[in-house]
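Here's the letter readout for the chains.
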Amino acid sequence: MERKLPVNDRDFVESLIPQRSPFVMVSSIDHYTEDRLISGFQIQEENIFVHNGLFQASGLIEHQAQSVALHTGYKFYLLGKEAPTGYIGAIKSFEAGALPKAGDVLKTEVKILNEVMGVTLVDAVTTLNDKVIASSQMKTVVK
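Along each chain, the written sequence defines residue order, and numbers are assigned to residues from 1. The predicted nature of this model means local features are confined to residues of pLDDT at least 70 and side-chain atom pairs, given and counted, to a pLDDT of 80 or more, with totals for whole chains, interfaces and linings taken over all residues. To get the side-chain values, take all heavy atoms of the structure and skip hydrogens and water.

K.L.:
Hey, could you run me through the side chain of Thr72 in this one?
P.N.:
As for its position among the elements, Thr72 is in helix α2 (residues 57–78). In this structure, Thr72 is in contact with Ala83 and Pro84, ignoring residues within four places of it in sequence. A run of H or I in DSSP becomes a helix once it reaches four residues, and a run of E becomes a strand once it reaches two; helices and strands are each numbered from the N terminus. Contacts between residues were defined by any pair of non-hydrogen atoms, one from each residue, lying within 4.5 Å.

So, in structure tokens, the structure goes:
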């Protein structure tokens, strides 16, 4: 059932997360292991988090959280199961060094630090042109 990565099929990627348009902030899976995922996202001008041509910090947080959801969704896809719905439980830290522009392509690496009873602690690092622009540590919770 595994697909060859990277996967840029938006319909497939969207099938792995609970969010739907216009609230989808991931568009590709570049790499996957049990404890790591690299996602991609091309920012469109009409994105709800784009203001005056810039993708806002709240959009970066949502992109990182959806990257975590994408990790869970792909894991369940590989198991042949439907992924549970997840939520941001807590954001321990978040730092944005720059705001990307519409048209930019983000890459986010999610590292699973700990997963216990539906609560997942992750580090997320977002890059633009191989330069770190945002990082966070957050907990997500599955329903």
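Once the structure has been displayed, the description carries forward.
K.L.:
Any chance you could explain α2 here in plain terms?
P.N.:
Think of an α-helix as turning once every 3.6 residues; residues three or four places apart then point the same way. Helices are assigned an expected span. That span is 1.5 Å times one less than the residue count. Across its 22 residues, α2 extends 32 Å between first and last C-alpha, which sits within 8% of the 32 Å expected from 1.5 Å per residue. Just downstream of α2, Gly80 is the residue with a positive phi angle, here 75 degrees.

K.L.:
I would appreciate a short explanation of unusual backbone geometry in the present structure.
P.N.:
Residues other than glycine predominantly adopt negative phi, and peptide bonds predominantly adopt the trans conformation. Following Leu5, the chain continues to Pro6 via a peptide bond in cis, the omega torsion being 5 degrees. Turning to its location among the elements, Pro6 is positioned in the segment before α1 (10–15). With an omega dihedral of 10 degrees, the bond running from Ser21 to Pro22 counts as a cis peptide bond. For Pro22, the location among the structural elements is in the loop between α1 and β1 (28–33). For Asn52, which is not glycine, the phi dihedral falls at a positive 50 degrees.

K.L.:
I keep staring at the nonpolar core and nothing clicks. Help me out?
P.N.:
Inside soluble globular proteins, nonpolar side chains tend to come together where they are buried. Core analysis: the largest hydrophobic core is formed by 13 residues, its most contacted members being Phe12, Val13, Leu16, Val26, Ile29, Leu70 and Tyr74. Among the secondary structure elements, those contributing two or more residues to this core are α1, β1 and α2. At three residues, the largest contribution of residues to this core is made by α2. To define a nonpolar core, start from buried Ala, Val, Leu, Ile, Met, Phe, Trp, Tyr and Cys residues and group those joined through side-chain atoms within 4.5 Å. Only protein chains enter the accessibility calculation, which uses a 1.4 Å probe; a residue is then buried when its area is under 20% of its type maximum, exposed when over 50%, and partly exposed in between. With 11 residues, the next largest nonpolar core counts Phe41, Phe55, Leu106 and Ile133 among its residues.

Shape descriptors only; they carry no functional weight alone.
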